[in-house]
Amino acid sequence: MTLPAPYPPLVSGGDGLDRYPADPTALAARMAALYGVGADQVLPTRGLTHGLELVWRLAARDGQKVQAPDAEPYQALAALYARPTDSADTADTAAVVVRALGSPEAVAEMAERVAPALLVVDEGLVEFAEAPSAAAVVKDHANLVVLRSLSLAYGLAGARVGAAVAQAQTLARLAGVLEPYALPEVSVRLAMQALDPSRMMETAERISGVRRERARVAEALSRIMALEAGVGPVIIARPSDPSGAIEALRRYGLNADPAGERLRLPVSLKPEVNDRLLTALGAASPGGRRNRIGQAIRDTRETRIVCTVDLDSAGPVKIETGVGFFDHMIEQVAAHGGFSIRLACEGDLHIDPHHTIEDCAIALGQALKQALGERRGIGRYGFVLPMDEAEASVSIDLSGRPYPVFEGTFATPMLGDYRTDLTAHVVRSLAENLGAAVHVRVTGDDDHHKTEAVFKALGRALRQAIRVEGDVVPSTKGVL
C-alpha cells in the first residue's frame, strides 16, 4: 500500500503524515556524517534493538545461530528466533554479538578471529564512555557491523532511532530481512532535528554533564555499597537490601532496574534529581543552592536555535550564530554578565541576518526567564558604561513585566555582517521574552564602539540584577 490517507491527521505538526514514509536517505546521510563513514555505510533502524533483531532474522533465514551475551535484550531475541534444531552441532554461527570493546584495534582483531561470521558490536552507550567508535574500522572488515543509537545520548529513547554501520554489501544483507516502512516518518523528523548542527554543541555539553554527574554519584555511593563497572547514564550497584532500596527510590519518585542482587541506577543530567537518589539510598542529603539554569529551543522555518544559560557559572561561553559580529556581542553579554551562555543557531542567512539575530535574542530571553524561576533573592535592578567616546546606559528591572525603551541612532548600516538597526530589535526581543523593563540610551561617534558599549552595559546590568542577595522575592507583592 502506497496510497496516501484520504485526509491529514488531526494532530498538530502532522503535515505530510498522511503519506507513507519514504526511504530515510537524508537521515542516513546525517548519521553518516556524525559517525564519520560514507552514506552507503549506514542503515537507519528503529532503535538499536531493531538492528539486533535484523541480525537474528538473517541468521534464522539462513538456518544459523547467533552467539550473544547472556543479558537482555540479546536473550529475548534468542528466545524469539530459536528453532528446535538449534544446537552447536547442527547450526553454523551467523554472527557474534559483543558490547563495545573499548578500541577499534580490539574490534579489528576480533573481526579477523570470528570471520566469516558477522561481528556485531553494540555501541549503544559509546558516547558516554568517551571511547572511540568501531565505525572507524568498518571500511576494513566486510564482516563488521556496528550498532549505534540516538536513544540516550540524543534524548530520543521514545522515538526509537538507531543505525547499523557496515560496508554496503553487508548492509544489503541486513536490508534483505528489513520489513517495509521500518522507520516511522515521525521518528525520522525528530532524529533530523536532534542531529541538526544547531543541536550538536548542546548535546556534547549534556553528555559531558552526565559523565560528571555519574562520577559524583558513583563516588558518593561507593562509600556505602559495592559498585560494578558501568557506563553511560547508569550505575550498577549492589545494595545490601535491593528490594528495600527500590522501595526507597520509589518514595522519592525514582525507579531502578533490578538484576538479581544488583540494581541499575539511573543518572540524570539534573543534579537535584541525583541528589534525591543519593538521599533515598542514604548516601547523602541535598544541600546548598543549585545553579540557576535555563534552556530554550526554538524551531521555525527561518531558524533552529538552542540556547542554554547558567546564571551561577562563568563558563562555558560558546556562541555560534553564523553572524560573526553578533557572536562577539553575545560573548560580551556573557563576559560582563558573569554567566554562561551556550547558543547555536542555523538560520536563513542566505536571505538576511534579521531572522537569526531576532530569534537568537528571543531564545536568550526565554532561557534567562527560565533560569531566573521565581526570581527569589535577586538584586532585580541594575549600568552606565563608557567605551572611548561612546557611552551606553542600560537600566533593567527584572520585574516580570516587559517594557523595552531604546534611544540612540547609528549612521553605519553594517558592522561586518551585523545590521546596526537590529540592536534596538535585540533589546526589544530580549525584554519581551525575559519579562523585564530594559531601557537603553547610547551616544557617541563610532558605531562599533556604540554597539559594543550597549551589549557590554547590558551584560553589566544583568550581572547586578541576577545577583542573589537574599532569599525573598524583591517585591512588596511577594511575586515578580
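Residues numbered from 1 in each chain as written. Predicted model: local features only at pLDDT ≥ 70, side-chain atom pairs only at ≥ 80, totals over all residues. Heavy atoms only, no water.

## Looking at the overall build of the protein chain
Okay, step 1: A count of helices and strands for the protein chain gives 14 helices and 20 strands.
Okay, step 2: Projected onto its principal axes, the C-alpha coordinates of the protein chain cover approximately 85 × 55 × 50 Å.
Okay, step 3: Sorting the 480 residues of the protein chain into buried and exposed places 49% on the buried side.
Okay, step 4: Entry remark: accessible area of the protein chain is about 22300 Å², with carbon and sulfur atoms responsible for 52%.
Okay, step 5: Distance between charge centres in the protein chain, computed from 50 positive and 60 negative side chains, equals 5 Å. (Helix = DSSP H or I, 4+ residues; strand = E, 2+ residues; numbered from the N terminus. Buried < 20%, exposed > 50% of the residue type's maximum accessible area, 1.4 Å probe, protein only. Areas by Shrake-Rupley, 256 points an atom, 1.4 Å probe, with all protein chains shown as cover. Lys, Arg positive; Asp, Glu negative; His and termini not counted. Charge placed at Lys NZ, Arg CZ, Asp CG, Glu CD.)

## Brief notes about the layout of surface pockets
Okay, step 1: Each pocket or cavity is described by its volume, and for the largest pocket that value is around 1000 Å³.
Okay, step 2: As for the largest pocket, its lining consists of 30 residues, of which Glu-72, Arg-99, Asp-122, Leu-125 and Arg-264 are closest to the centre.
Okay, step 3: Of all the elements in the fold, those that place two or more residues in the lining of the largest pocket are helix 2 (48–61), helix 5 (126–129), strand 8 (234–238) and strand 10 (262–266).
Okay, step 4: By residue number, the principal contributor to the lining of the largest pocket is helix 2, which donates 3 residues. (1 Å grid on protein atoms, 1.4 Å probe; cavity = no way out; pocket = protein on both sides within 12 Å on 5 of 7 lines; lining within 4 Å. Points joined across faces, edges and corners; volume = space filled by probe spheres on them.)

## What to know about the sheet that holds strand 17 (residues 403–407)
Adjacent strands of a sheet pair through backbone hydrogen bonds, lying either parallel or antiparallel.
Okay, step 1: If you trace the 4 strands from one edge of the open sheet to the other, you get 15-16-20-17, paired in mixed fashion. Since the sheet does not close on itself, it has two edges, and those belong to strand 15 (384–387) and strand 17, each with one partner. The mean angle between the axes of side-by-side strands here comes to 10°, regardless of whether they run parallel or antiparallel.
Okay, step 2: As defined by bridge partners, strand 15 adjoins strand 16 (residues 390–397) across 4 bridges and the pair is classed as antiparallel. Note on strand 16: the bridge partner recorded for Met-387 is Ala-390.
Okay, step 3: Set on the sheet, helix 14 (residues 447–466) makes contact with strand 15, strand 16 and strand 20 (437–443); between it and strand 16 the angle comes to about 30°. (Pairing = 2+ DSSP bridges. Axes fitted to C-alpha atoms, helices over the stretch in contact; angles between N-to-C directions. Contact = heavy atoms within 4.5 Å.)

## Some thoughts on the sheet that holds strand 5 (residues 144–149)
Okay, step 1: Reading across from one edge, 1-6-5-4-3-2 is the order of the 6 strands in this open sheet, with mixed pairing throughout. Only two strands of the sheet have a single neighbouring strand rather than two, namely strand 1 (42–45) and strand 2 (65–67). Between one strand and the next, the sheet's axes are offset by a mean angle of 25°, whatever the strand orientation.
Okay, step 2: Running at roughly 30° to strand 1, helix 6 (residues 168–175) makes contact with strand 1, strand 4 (118–122), strand 5 and strand 6 (162–165) of the sheet.

## Observations regarding the pattern of salt bridges
Okay, step 1: Taken as a whole and judged by the stated rule, the model has 31 salt bridges.
Okay, step 2: A salt bridge links Asp-140 to Lys-139; its shortest N-O distance comes to 3.8 Å.
Okay, step 3: One salt bridge in this structure joins Asp-196 and Arg-304, with 2.6 Å as the shortest N-O distance. Taken together, the residues Asp-196 in the loop between helix 7 (185–194) and helix 8 (197–221) and Arg-304 in strand 12 (residues 303–310) connect sequence positions 108 residues apart.
Okay, step 4: Classification of Asp-196 as buried rests on a relative accessible area of 4%.
Okay, step 5: Within this structure, Arg-46, Glu-53, Arg-57 and Glu-179 form a network of salt bridges that share partners. (Salt bridge = Lys/Arg side-chain N within 4 Å of Asp/Glu carboxyl O.)

## Overview of the pairing of strand 5
Okay, step 1: Here strand 5 lies mainly inside the structure; 6 of its 6 residues are buried.
Okay, step 2: Burial along strand 5 is two-sided: the residues Leu-144, Val-146 and Arg-148 and Val-145, Leu-147 and Ser-149 are all buried.
Okay, step 3: Summarising the sheet, strand 4 and strand 5 pair through 4 bridges and their orientation is parallel. The partner of Val-121 across the bridge, within strand 5, is Val-146.
Okay, step 4: Strand direction decides the pairing type here: strand 5 and strand 6, joined by 4 bridges, are antiparallel. Bridging from a neighbouring strand, Arg-148 pairs with Ala-163 of strand 6.

## A look at the packing of helix 11 (residues 324–337) against helix 14
Okay, step 1: Packing of helix 11 against helix 14 brings their axes to within 7 Å, and their N-to-C directions diverge by 35°. The interaxial crossing formed by helix 11 with helix 14 has right-handed handedness. Across the interface between the two elements, Phe-325, Phe-326, His-328, Met-329, Ile-330, Gln-332, Val-333, Ala-335, His-336 and Gly-337 of helix 11 pack against His-448, Thr-451, Glu-452, Phe-455, Lys-456, Leu-458, Gly-459, Arg-460, Leu-462, Arg-463 and Ile-466 of helix 14.
Okay, step 2: Tallied by class, the residues present in the contact of helix 11 with helix 14 amount to 10 nonpolar, 7 polar and 4 charged. (Left-handed = near helix turned anticlockwise from the far one by under 90°. Nonpolar A, V, L, I, M, F, W, Y, C, P; charged D, E, K, R; others polar.)

## Regarding the side chain of Ser-399
Okay, step 1: Structurally, Ser-399 can be placed in the loop between strand 16 and strand 17.
Okay, step 2: A relative accessible area of 4% places Ser-399 in the buried class.
Okay, step 3: A distance of 3.1 Å separates a polar atom in the side chain of Ser-399 from the backbone nitrogen of Arg-401. (Polar contact = N/O pair within 3.5 Å; in protein donor to acceptor, adjacent residues only side chain to side chain.)

## What about the packing of helix 12 (residues 354–372) against helix 13 (residues 422–434)?
Okay, step 1: At their nearest, the axes of helix 12 and helix 13 sit 7 Å apart, and the two run at 30° to each other. Relative to helix 13, helix 12 is oriented roughly parallel. Considering only the axes of helix 12 and helix 13, their crossing is right-handed. Side by side, helix 12 and helix 13 meet where His-354, Ile-357, Glu-358, Ala-361, Ile-362, Leu-364, Gly-365, Gln-366, Leu-368, Lys-369 and Leu-372 of the first sit next to Leu-422, His-425, Val-426, Ser-429, Leu-430, Asn-433 and Leu-434 of the second.
Okay, step 2: Among the residues making up the contact of helix 12 with helix 13, the classes are represented as 10 nonpolar, 6 polar and 2 charged. (Parallel < 35°, antiparallel > 145°, perpendicular 65-115°, else oblique.)

## Section: empty space enclosed by the protein
Okay, step 1: Here the largest cavity is characterised by a volume of approximately 40 Å³.
Okay, step 2: Surrounding the largest cavity, Ile-330, Val-333, Ala-361, Leu-364, Val-426, Leu-430, Phe-455 and Leu-458 form its lining.
Okay, step 3: Of all the secondary structure elements, the ones that give two or more residues to the lining of the largest cavity are helix 11, helix 12, helix 13 and helix 14.
Okay, step 4: Partitioned by chemical class, the residues of the lining of the largest cavity number 8 nonpolar, no polar and no charged.
Okay, step 5: Of the volumes computed, that of the second largest cavity is approximately 30 Å³.
Okay, step 6: Lining the second largest cavity are Ala-100, Leu-101, Gly-102, Ser-103, Val-107, Val-121, Glu-123, Ala-131, Pro-132 and Ala-134.
Okay, step 7: Along the lines of polarity and charge, the residues of the lining of the second largest cavity split into 7 nonpolar, 2 polar and 1 charged.

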